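Okay, here's what each chain looks like letter by letter:
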Amino acid sequence: MADQDKRRYPRVALSKAARAKSRGFELDVELRDISASGASLAGSTGLAANAEIGLAIDGIDREISGHVVRAFDDGVAIEFEL
């Protein structure tokens, strides 16, 4: 079964500036895709697996809480705390 077939919610690809906050530091990141349950962030290589984060997305006036579920070469995947 392909990865996309296992997803609970469809992902939407995009390129949007965001800010990830974790453990007392902040990183400028790029939101690469998003779904109802999580997102993929580029430029977030300083975030460790299982790290709790707050994600502030440009144009949205509310911070979204989540945690890192997977790291890859140039970023991370996060799952939202809903």
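Figured I'd write up the structure that's included with this text.

How each quantity is defined
- Residues numbered from 1 in each chain as written.
- Predicted model: local features only at pLDDT ≥ 70, side-chain atom pairs only at ≥ 80, totals over all residues.
- Heavy atoms only, no water.
- Helix = DSSP H or I, 4+ residues; strand = E, 2+ residues; numbered from the N terminus.
- Buried < 20%, exposed > 50% of the residue type's maximum accessible area, 1.4 Å probe, protein only.
- Contact = heavy atoms within 4.5 Å.
- Polar contact = N/O pair within 3.5 Å; in protein donor to acceptor, adjacent residues only side chain to side chain.
- Salt bridge = Lys/Arg side-chain N within 4 Å of Asp/Glu carboxyl O.

1. So, the environment of D58
Working step 1: As for its position among the elements, D58 is in the loop between β4 (52-57) and β5 (64-72).
Working step 2: We classify D58 as partly exposed; its relative accessible area is 42%.
Working step 3: Beyond its immediate sequence surroundings of up to four residues, D58 is in contact with K16 and A17.

2. So, unusual backbone geometry
Working step 1: A positive phi angle, close to 50°, is found at R23, a residue other than glycine.
Working step 2: The topology assignment puts R23 in the loop between β1 (12-22) and β2 (25-34).
Working step 3: Phi is positive for N50, which is not a glycine, with a value near 70°.
Working step 4: For N50, the location among the structural elements is in the loop between β3 (38-42) and β4.
Working step 5: A relative accessible area of 58% means that N50 is categorised as exposed.

3. What about the environment of A48?
Working step 1: As for its placement among the helices and strands, A48 is situated in the loop between β3 and β4.
Working step 2: Separated by 16 residues in the primary sequence, A48 and R32 place their C-alpha atoms 18 Å from one another.
Working step 3: If we skip the residues at most four places from it in the chain, A48 touches R23 and V68.

4. Comments concerning the side chain of S22
Working step 1: Mapped onto the secondary structure, S22 falls in strand β1.
Working step 2: Here E52 takes part through its backbone oxygen, which lies 2.9 Å from a polar atom of the side chain of S22.
Working step 3: Those residues in contact with S22 that sit more than four places away from it in its chain are L47, A51, E52 and I53.

5. Some details on the pattern of salt bridges
Oppositely charged side chains can form a pair if their charged atoms are brought close together.
Working step 1: Inspection of the entire model under this criterion finds six salt bridges.
Working step 2: A salt bridge links E63 to K21; the shortest N-O distance between them is 3.1 Å. A residue pair is termed long-range when its members are at least 10 positions apart, and E63 in the loop between β4 and β5 and K21 in strand β1 qualify at 42 residues.
Working step 3: Its salt-bridge partner being D74, residue R32 comes within 3.1 Å of it at the nearest N-O pair. Pair noted here: R32 is in strand β2 and D74 is in the loop between β5 and β6 (75-80), with a separation of 42 residues, a long-range link.
Working step 4: Each of the salt bridges in this network shares a partner with another, and the network as a whole consists of R19, E26 and D28.

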